[in-house]
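Residue-level structure breakdown
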Amino acid sequence: VTWALSSSVMLVINKVTISHIPFPACVFFVQFLTSTVFVVVCKELGVLDVDDLILRKAIGFMPYVCSFVLSIYFNGKVLQYCNVETLITFRACSPLAVSILEWLFLGRELPSRRSLLALLGVLAGAAGYVLCDSEFRMKGISAYFWVSLYLVVIVFE
């Protein structure tokens, strides 16, 4: 519950911030810088136990780090050009795509019938949202350029 509340509040705060400062990369850079400084200061004060950064280990995480940075950047671009509802709608479709890709590439089981029906219900709701979205009616599929890139990256991630 705490994570969902925090995520929702940050999403709205980021939307408001990016509407006033239309440079999402700069907004997120300041957020990451603030977080990094906080962790380093807490480590130095002995408040947090933080492992040292080891280059060999860090290199192993580079694909994930790159996909995470891309997802944050695309998230910002979505917030710059679309409304929060569009972002939430597309994000809600990611579990269906992930479950199919995990079945294809990792040999995992497909969702149960009940879970699949729920995921398809979310997909149907998303399709209904798209069909009713005025941006989609005016600009077509190009209205969803950034959010489509965002969806691809979070599914990969």
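A brief structural summary.

Our next topic: the side chain of Asn14. Topologically, Asn14 is positioned in helix 1 (residues 2-20). Ignoring any residue separated from it by four or fewer positions in sequence, one finds Asn14 in contact with Val27, Phe28, Gln31 and Leu79.

Another point: the side chain of Ser67. Among the structural elements, Ser67 can be located in helix 4 (residues 62-81). On the accessibility criterion, Ser67 (5% relative accessible area) is buried. Contact partners of Ser67, with chain neighbours within four places excluded, come to Val153, Phe156 and Glu157.

Between its first and last C-alpha, helix 1 extends 27 Å over 19 residues, near the 27 Å set by a 1.5 Å rise per residue. Of the residues making up helix 1, those classed as buried are Leu11, Asn14 and Ile18. Buried residues of helix 1 fall within an arc of 70° about the axis and therefore sit on the same side. Helix 1 presents Thr2, Leu5, Ser19 and His20 as exposed residues on the side facing more than 90 degrees away from its buried surface. In this structure, the buried side of helix 1 is in contact with helix 2 (24-44), helix 4 and helix 5 (84-92).

The next subject is the environment of Lys77. Residue placement: Lys77 occurs in helix 4. When its relative accessible area of 12% is taken as the criterion, Lys77 is described as buried. Remark: the alpha-carbon pair of Lys77 and Arg108, spanning 31 residues in sequence, is separated by 33 Å. When neighbours within four sequence positions are excluded, Lys77 is seen to be in contact with Pro24 and Trp146.

Look at helix 5 against helix 9 (residues 145-156): their axes get within 10 Å of each other, and the N-to-C directions meet at 35°. Of the two elements, helix 5 crosses helix 9, and the hand of that crossing is right-handed. Together, Thr86, Leu87, Phe90 and Arg91 of helix 5 and Val147, Ser148, Tyr150, Leu151 and Ile154 of helix 9 make up the contact between the two elements. Class assignment of the residues belonging to the contact of helix 5 with helix 9 gives a composition of six nonpolar, two polar and one charged.

Let us look at the environment of Arg91. Relative to the elements of secondary structure, Arg91 occurs in helix 5. Between the C-alpha atoms of Arg91 and Met10, which are 81 residues apart in sequence, the distance is 15 Å. For Arg91, the contacting residues outside a window of four places in its chain are Ser7, Leu11, Asn75, Tyr150 and Ile154.

How each quantity is defined
Residues numbered from 1 in each chain as written. Predicted model: local features only at pLDDT ≥ 70, side-chain atom pairs only at ≥ 80, totals over all residues. Heavy atoms only, no water. Helix = DSSP H or I, 4+ residues; strand = E, 2+ residues; numbered from the N terminus. Contact = heavy atoms within 4.5 Å. Buried < 20%, exposed > 50% of the residue type's maximum accessible area, 1.4 Å probe, protein only. Expected span 1.5 Å × (residues − 1). Arc of directions from axis to C-beta. Axes fitted to C-alpha atoms, helices over the stretch in contact; angles between N-to-C directions. Left-handed = near helix turned anticlockwise from the far one by under 90°. Nonpolar A, V, L, I, M, F, W, Y, C, P; charged D, E, K, R; others polar.

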